[in-house]
Amino acid sequence: MIEILDGIDKPKDSADILRKWGCSNDDISKIFMRRPSLHKMDIKILQSKLEILTDLGIISSDLVKIIHCRPRFLNCRINLWSNERLEYFRTLFGSKEILLKAIVRNPSLLTYDFHNKIKPIIAIYEKLGVSRRDLIPMLLSRPTLIPRTTLDSEKLDYISRTGVSQESRMYKHVVTLLAISRIETIREKVMNLEKYGFSEDEVFKLFGRSPLVLTLSIDKVQRNMTYVVGTMKLPANVVLLNPFLLFFNLEAIIKPRFLLAGKIEGMGIVPQIKGPAMLRALRMSEKRFIAAFITCHSEDVGNELITFYKNAKCVKRLAESSKKNLSKGFPF
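Description of the structure in this document. All values derive from a computational prediction rather than experimental measurement.

**Some words on unusual backbone geometry**
- A cis geometry characterises the amide bond from Val270 onward to Pro271, with omega recorded as 0°.
- Here Pro271 lies in the loop between helix H18 (250–267) and helix H19 (276–283).
- A positive phi angle is found at Lys233, which is not glycine, with a value near 60°.
- As for its position among the elements, Lys233 is in the loop between helix H15 (218–231) and helix H16 (238–241).
- Judged by its relative accessible area of 65%, Lys233 falls in the exposed class.

Okay, here's the thing in structure tokens:
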């Protein structure tokens, strides 16, 4: 009788294991559709890996997301050095909740080489003066931090040339962004800004003041700089003090508001958007901008201005509508 009962309770295949673990039939269907070979996976190995995930607090909905974007996840040796790895991560992240968030965001934390990749990279950042408290937000916001980090004498020179001290809040951003960027990419982005009259030192100071400039594509920087310098007739060095001019969307914010400024000037009404007021107007939220320069006028003038502004915002970049999003899975 005991043998019969054991046979009834014993899982027959991986689907049974997943079902007992908490996956619904729909979850199991999605997992197998993304990774059909899991049908034939050894149930004991699968069960041991699911126990590790349970210990981390991962639930069925998290597993579906992970498998969708990392189909081979359960085929990887996540049980290798699992106890030592998880103990290290618990100490690093400080809480089970933050660790869970980090792993769901980047499941590869459980698959990277623990002794030859994870621990040495963390040690490098600590040696550079990035505390663990500062490093955790970087690991969460930049999941490729561990596999992409490389530091040599040239990158260390770049970090020092930004002029950012270790006490600065920008320091962790400067160090991590330069560490994960390819040398060739950094050089290309520096040369791109040098074309507008900046010296190399000025470019690195800009990176220190606004490290996220390093994340902008060369094309975006070129388009924004060309419009700011060529059409708005502002001096190039205004960008050094106002880096938002590189970040803001050209078609949705900068161009429509500049065109509206010209419209207001042509109508001879006040308040006008000139000089320092132009930079303030660009930084305003949409609601505040409309209230400050459009709805403050009479109804007829306001209607004319809002119609002009909306039409200016509708002008799209050439071939923008034909772009296709080919990204699948995680964006990294």
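**Considerations on the pattern of salt bridges**
- For the structure on display, the rule yields 15 salt bridges.
- The residue Glu126 makes a salt bridge to Arg132 at a minimum N-O spacing of 2.4 Å.
- Among the salt bridges present, the one from Asp157 reaches Arg161, with a minimum N-O distance of 3.8 Å. Of this pair, Asp157 and Arg161 both sit in helix H11 (residues 153–161), four residues apart, which is roughly one turn of that helix.
- By relative accessible area, Arg161 is classed as partly exposed at 21%.

**A short note on helix H4 (residues 43–56)**
- Taking 1.5 Å of rise per residue, the 14 residues of H4 would be expected to cover 20 Å, and the 20 Å separating its terminal C-alpha atoms lies within 8% of that figure.
- Here H4 has its buried residues at Leu46, Lys49, Leu50, Ile52, Leu53 and Leu56. Angular distribution of buried residues about the axis of H4 spans 150°; they occupy a single face of the element. Residues of H4 that are exposed and angled more than 90 degrees away from the buried face: Lys44 and Glu51.
- Of the surrounding secondary structure, the elements contacted by the buried residues of H4 are helix H2 (14–21), helix H5 (60–69), helix H6 (82–93) and helix H7 (96–105).

**Quick notes on H19**
- Along H19, the residues classified as buried are Ala277, Met278, Leu279, Ala281 and Leu282.
- Of the surrounding secondary structure, the elements contacted by the buried residues of H19 are H16, helix H17 (244–247), H18 and helix H20 (286–293).

**Examining the nonpolar core**
- Within the largest apolar cluster, 102 residues are counted, with the highest numbers of intra-cluster contacts made by Leu18, Ile31, Leu53, Leu63, Phe93 and Tyr125.
- With seven residues, helix H12 (residues 171–180) is the largest single contributor of residues to this core.
- Dropping the residues within four chain positions of it, Phe93 is found in contact with Ile98, Leu99, Ala102, Leu109, Ile136 and Leu139.

**Quick look at the packing of aromatic side chains**
- Taken as a whole and assessed by the stated rule, the structure comprises nine aromatic pairs.
- With centroids separated by 5.1 Å and ring planes inclined at 50°, the aromatic side chains of Phe244 and Phe248 adopt a geometry described as tilted.
- On the basis of relative accessible area, Phe244 is assigned to the buried category, the value being 13%.
- Assessed through its relative accessible area of 22%, Phe248 is described here as partly exposed.
- The rings of Tyr88, Phe89, Phe93 and Phe114 are connected pair by pair, giving a single aromatic cluster.
- The ring of Phe289 is capped by Arg257, whose NZ or CZ atom sits 4.4 Å from the centre of that ring.

Thresholds, definitions, all that
Position labels on residues start from 1 in each chain and follow its written sequence. Selection of residues for local features in this predicted model requires a pLDDT of at least 70, selection of side-chain atom pairs for listing and counting requires 80 or more, and totals for whole chains, interfaces and linings are taken over all residues. With hydrogens and water set aside, each side-chain value is computed from the structure's full complement of heavy atoms. Secondary structure counts use DSSP, requiring at least four H or I residues in a row for a helix and at least two E residues in a row for a strand, with both numbered from the N terminus. Residue exposure (1.4 Å probe, protein chains only): buried if accessible area is under 20% of the type maximum, exposed if over 50%, otherwise partly exposed. Should a side-chain nitrogen of Lys or Arg be within 4 Å of a carboxyl oxygen of Asp or Glu, the pair is scored as a salt bridge. A helix is expected to span 1.5 Å for every residue after the first. To be clear, the arc concerns the directions from the helix axis to the C-beta atoms. We call two residues in contact when some of their heavy atoms are within 4.5 Å. Residues belong to a common nonpolar core when they are buried Ala, Val, Leu, Ile, Met, Phe, Trp, Tyr or Cys residues joined through side-chain atoms within 4.5 Å. Each aromatic pair joins two rings of Phe, Tyr and Trp (for Trp, the six-membered one) with centres within 6.5 Å, and gets the label stacked for planes under 30 degrees apart, edge-to-face for over 60, and tilted for any other angle. Two thresholds decide whether a charge sits over a ring: the Lys NZ or Arg CZ must be within 6 Å of the ring centre and within 35 degrees of the ring normal.

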